[in-house]
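What the coordinates show
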Amino acid sequence: MKQSASKKLYVILPLLLILCVVCVLLYNAGSPSALSSASGDAIPLDSEWTLLSAGEAKEDVPLPISMLPDAPGQVSLTHTVPAQRPENSALCIFFYTAPFTVSFNGEELYKYGTAAALDGYQSVGSGFHIIELPDGAGELRITAYLADNMPGAILSEASLMPG
């Protein structure tokens, strides 16, 4: 009887291991970064950002971009969106910590965490955001609102994906 149970373990344990590996692979395949890299139509916005902070502009800044609340106030990141892009495309970004807004050609499209910051929260969270953009070329602006009590913000990934 003991030999039979140990033989079953030798069969069951490898099957459980294979099942765990398959589950991890399936989970990772559905993650936003896997989806953005898997899409051949995505346009990465990895470089050519302009960073405007405390009245100073830095051009051709690559991602990731870290922003510290050295001087409380707004920090803006701008990028030119090309006219040749997937129809109904959306901006997909990973943005961490600070509240922010997204504007396209001066029109505010998205607001995240600003109410929480006004309520005194030091961090408004982090994550993956999908923001629909109007068609055509234009200027994309992400404005982070940094306060003394906030740890800062990071824009780690950005791309345009078909909608």
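What counts, and where the lines are drawn
Residues numbered from 1 in each chain as written. Predicted model: local features only at pLDDT ≥ 70, side-chain atom pairs only at ≥ 80, totals over all residues. Heavy atoms only, no water. Salt bridge = Lys/Arg side-chain N within 4 Å of Asp/Glu carboxyl O. Buried < 20%, exposed > 50% of the residue type's maximum accessible area, 1.4 Å probe, protein only. pLDDT = per-residue confidence, 0-100. Helix = DSSP H or I, 4+ residues; strand = E, 2+ residues; numbered from the N terminus. Contact = heavy atoms within 4.5 Å.

**Quick notes on the pattern of salt bridges**
Scanning the entire structure with this criterion turns up two salt bridges. With its nearest N and O atoms 3.8 Å apart, the salt bridge here joins K111 to E108. Here K111 falls in the exposed class, since its relative accessible area comes to 52%. Residue E108 is classed as partly exposed on the basis of its relative accessible area, which comes to 44%. Between R141 and E139 there is a salt bridge, with its nearest N and O atoms 3.4 Å apart.

**Brief notes about the confidence of the model for the protein chain**
Taken residue by residue, the protein chain gives an average pLDDT of 80. The fraction at 70 or more is 74%. Confidence, read as mean pLDDT per element, is least for helix 2 (residues 32-38) in the protein chain (44) and greatest for strand 7 (residues 100-104) (95). Overall, residues 31-38 carries pLDDT values under 50, and its contacts beyond four positions in sequence, including any with other chains, amount to 13 contacts.

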